[in-house]
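Summary of structural features
Each chain, written out:
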Amino acid sequence: MTNWNEILKLYNLPEKGNDFGYQADKINEAETRLKISIPLALKSYYLALGKNENINTSHNRLLKPCKEIIFSDDGYLIFYEENQASVYWGIKQEDLKTNNPPVWGNYGTNTSPDWHLETKTTENFLLLMAIHNGTLGGLRYNANCFDLIKPEIVKKIQEKWKEIPEISWDRQEIYTNNFEEVFSLNFDNNKNCTAMFIGTSNQEHFDHLLESLDVDWSYISYEDE
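Residues numbered from 1 in each chain as written. Predicted model: local features only at pLDDT ≥ 70, side-chain atom pairs only at ≥ 80, totals over all residues. Heavy atoms only, no water.

On the surface, a cluster of positive charge is contributed by Lys26, Lys51, Lys64 and Lys67. By the secondary structure assignment, Lys64 is in the loop between strand E1 (61-62) and strand E2 (70-71). A residue is classified by how much of its surface remains accessible, and Lys64, at 41% relative accessible area, is partly exposed. (Patch = residues over 30% accessible without salt bridge, like charges linked within 9 Å, V, L, I, M, F, W, Y side chains within 5 Å. Areas by Shrake-Rupley, 256 points an atom, 1.4 Å probe, with all protein chains shown as cover. Salt bridge = Lys/Arg side-chain N within 4 Å of Asp/Glu carboxyl O. Lys, Arg positive; Asp, Glu negative; His and termini not counted. Charge placed at Lys NZ, Arg CZ, Asp CG, Glu CD. Helix = DSSP H or I, 4+ residues; strand = E, 2+ residues; numbered from the N terminus. Buried < 20%, exposed > 50% of the residue type's maximum accessible area, 1.4 Å probe, protein only.)

Packed helices, taken two at a time, are described by the angle their axes make and the gap between the axes. The N-to-C vectors of helix H3 (residues 40-49) and helix H5 (residues 122-138) enclose an angle of 40°; their axes lie 8 Å apart at closest approach. Where H3 abuts H5, its residues Ala41, Leu42 and Tyr45 lie against Thr122, Glu123 and Leu126. Across the contact of H3 with H5, the residue classes break down as four nonpolar, one polar and one charged. (Axes fitted to C-alpha atoms, helices over the stretch in contact; angles between N-to-C directions. Contact = heavy atoms within 4.5 Å. Nonpolar A, V, L, I, M, F, W, Y, C, P; charged D, E, K, R; others polar.)

This brings us to the sheet that holds strand E9 (residues 172-176). Read across the sheet, six strands follow the order E8-E9-E10-E11-E7-E12 without closing on themselves; strand pairing throughout is antiparallel. Whereas interior strands pair on both sides, the edge strands pair on one side only; in this sheet they are strand E8 (162-163) and strand E12 (219-220). Inspection of the sheet shows strand E10 (residues 181-187) paired to strand E11 (residues 193-200) by seven bridges, in the antiparallel sense. Paired with Asn186 across the two strands is Ala195, which belongs to E11. (Pairing = 2+ DSSP bridges.)

With that out of the way, let us pick up the pattern of salt bridges. Applying the stated criterion to the full structure yields six salt bridges. One salt bridge connects Glu68 with Arg61, and the closest N-O pair in it is separated by 2.8 Å. On the basis of relative accessibility, which here comes to 24%, the residue Arg61 falls in the partly exposed class. Of the charged contacts, one joins Glu159 and Lys155 as a salt bridge, the two residues approaching to 4.0 Å between their closest N and O atoms. One end of the pair, Glu159, and the other, Lys155, are both in helix H6 (residues 151-160), four residues apart, so they sit about a helical turn from each other. Assessed through its relative accessible area of 60%, Glu159 is described here as exposed.

How two aromatic rings sit relative to each other is given by the distance of their centres and the angle of their planes. Summed over all chains, the structure comprises 13 aromatic pairs. Ring geometry for Trp89 and Phe125: centres 5.7 Å apart, planes at 50°, overall tilted. One end of the pair, Trp89, is in strand E4 (residues 88-92); the other, Phe125, is in helix H5, with 36 residues separating them in the sequence. The pair formed by Trp89 and Phe125 is uniform in burial state, with each residue classed as buried. Chaining the aromatic ring pairs together yields one cluster made of Phe79, Tyr80, Trp89 and Phe125. Of note, Lys92 hangs over the ring of Trp104, and the distance from its end group to the ring centre comes to 4.3 Å. (Phe/Tyr/Trp six-rings, centres within 6.5 Å; stacked < 30°, edge-to-face > 60°. Lys NZ or Arg CZ within 6 Å of the ring centre and 35° of its normal.)

The next thing to look at is H5. In this model, H5 (17 residues) spans only 20 Å end to end at C-alpha, well below the 24 Å of a helix rising 1.5 Å per residue. Counting buried residues in H5 gives 14 out of 17 residues, a clear majority hidden from the surface. For H5, the N-terminal capping position is held by Thr121, with its side-chain oxygen 3.0 Å away from the main-chain nitrogen of Asn124. (Expected span 1.5 Å × (residues − 1). Polar contact = N/O pair within 3.5 Å; in protein donor to acceptor, adjacent residues only side chain to side chain.)

See the structure below:
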């Protein structure tokens, strides 16, 4: 079973003795209602971290297993939604028998779906969402910049921090320092970095990032304190 240690470390949460997951009977209720077995990776996540709001609802939203996860008309098990409900993520019905299936995103509508492969595994998708949500408010210390990032800043991040290739692609690169802090860099078609998001649970790390990166931040979480 997946241990989710990367997410636990990023959010500075204990590995044991927490109460962040759903009870098994809620998962069983969902499986009975849907007449399926939920894939092991997704089931493990619901049991371990599914009720933690910082990780799962601070921007995009993990759907509640017993009431909200459903099948789309074209046969995807929908379990995550974008914060304005303009995108839904799910697993193909034929992949539900595998332990760690790919996750697809519907960027169209219910009547005219436009599915794209988001991640090759469920584990990678849930890590990606934990990072997205963390940099957009889930982590106590976070900041973002919606402007062109200087190439030398991008190069510094690419050289000093480690990319996570499983959840990166040509328009978005994700970096970390052993999950003490995370970066998400957005790029346009010309490889210009047009936005940057950072997050950490460690105030000392956060202050160092703010001091060492020459960025005109659009938002810093200290503004809300």
